[in-house]
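Structural features, examined
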Amino acid sequence: MKVRDRAAEIKGIFYTYCKDIVDGSPSFDITESKRRKDYGAISEEIGLIDGSLINFFERISGGDIEEYSYEYVRPDTGFFFHYQNEGIENGIRKPLYHLHVGIKKDADKNLLGLLPDELLEHGGPHYKAPEMNFSEFMGMIIVNFFEDHRYCEKMLRSLRLT
């Protein structure tokens, strides 16, 4: 796949399938090799209508997604979950496909005092997770945080998750 084709696919997820929960118009940062259109990166921070954020990053190498980072953050509490493949396997300490769960260091001070340091930012374990694709990631956000949205089922069908 070409980097720009992948960027168009991701934009389609937001502009077509999930437009009802996106706040504003994301403008993705796209960098690609001058010589090969199947090498580069795509990134963006996307705001959602409830104030939450999605931080998206993919690095394309030889037409394949070699690295990805899909993070969902709730600024009101600082809670986040973050699926990641950094392209490097580090055994049990950091599996190739892994998940981070916790709260941001700048979260509500009352919450910070209740949690162990390992749950602040990325201080905790890298939980082994299945390989994640972006449609599934968006589906998890929709069913867990927008289940009462009038277009919830429509968005899930559009993402081919139901």
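In what follows, the accompanying structure is described. Just so it is clear, the model here is predicted, and its values are computed rather than measured. (Residues numbered from 1 in each chain as written. Predicted model: local features only at pLDDT ≥ 70, side-chain atom pairs only at ≥ 80, totals over all residues. Heavy atoms only, no water.)

**Thoughts on the nonpolar core**
Side chains of a nonpolar character, in soluble globular proteins, are inclined to be buried together. Convention followed: Joining through side-chain atoms within 4.5 Å is the link that ties buried Ala, Val, Leu, Ile, Met, Phe, Trp, Tyr and Cys residues into a set, and such a set is a nonpolar core. Each residue's exposure class comes from its accessible area (1.4 Å probe, protein chains only) as a fraction of the maximum for that residue type: buried when under 20%, exposed when over 50%, partly exposed otherwise. Each helix is a run of DSSP H or I of at least 4 residues and each strand a run of E of at least 2, with the numbering of both proceeding from the N terminus. Every residue pair with non-hydrogen atoms within 4.5 Å of one another is taken to be in contact.
Within the largest apolar cluster, 33 residues are counted, with the highest numbers of intra-cluster contacts made by Phe14, Ile54, Phe134, Phe137, Met138 and Ile141. Looking at this core, the elements with two or more residues in it are helix H1 (3–17), strand E2 (40–47), strand E3 (53–61), strand E4 (64–73), strand E5 (79–85), helix H3 (134–145) and helix H4 (152–158). If we ignore the near neighbours within four places in the chain, the residues touching Phe134 are Arg6, Ile10, Ile13, Phe14, Ile54, Phe56 and Tyr70.

**Some thoughts on the packing of H1 against H3**
Our working rule: Only the stretch in contact is used when fitting a helix axis, every axis being a line fitted to C-alpha atoms; angles between N-to-C directions are given from 0 to 180 degrees. Our angle categories are set so that under 35 degrees counts as roughly parallel, over 145 as roughly antiparallel, 65 to 115 as roughly perpendicular, and the remainder as oblique. Note on convention: the crossing is left-handed when the near helix lies turned anticlockwise from the far helix by less than a right angle, right-handed when the turn is clockwise. Asp, Glu, Lys and Arg are counted as charged, while Ala, Val, Leu, Ile, Met, Phe, Trp, Tyr, Cys and Pro are counted as nonpolar; the rest, among them Gly, fall into the polar class.
At a minimum axis distance of 11 Å, the contact between H1 and H3 shows a crossing angle of 20 degrees. Considered as vectors, H1 and H3 are oriented roughly parallel to each other. Here H1 and H3 pass one another in a crossing that is right-handed. Contacts from Arg6, Ile10, Ile13 and Phe14 of H1 reach H3 at Phe134, Ser135 and Met138. Residues belonging to the contact of H1 with H3 are distributed by class as follows: 5 nonpolar, 1 polar and 1 charged.

**A closer look at the packing of aromatic side chains**
What counts here: Planes of paired rings set the category: under 30 degrees apart is stacked, over 60 is edge-to-face and the rest tilted, where pairs are Phe, Tyr or Trp rings (Trp by its six-membered ring) whose centres lie within 6.5 Å.
Using the criterion set out here, one finds 16 aromatic pairs in the structure. Both rings, one in Phe28 and one in Phe56, keep their centres 6.1 Å apart while their planes meet at 85 degrees; by these two values the pair is edge-to-face. Here Phe28 is found in the loop between H1 and strand E1 (29–32), whereas its partner Phe56 is found in strand E3, with 28 residues between them in sequence. Their ring planes at 25 degrees and their centres at 5.8 Å tell us that Phe134 and Phe137 sit as a pair that is stacked.

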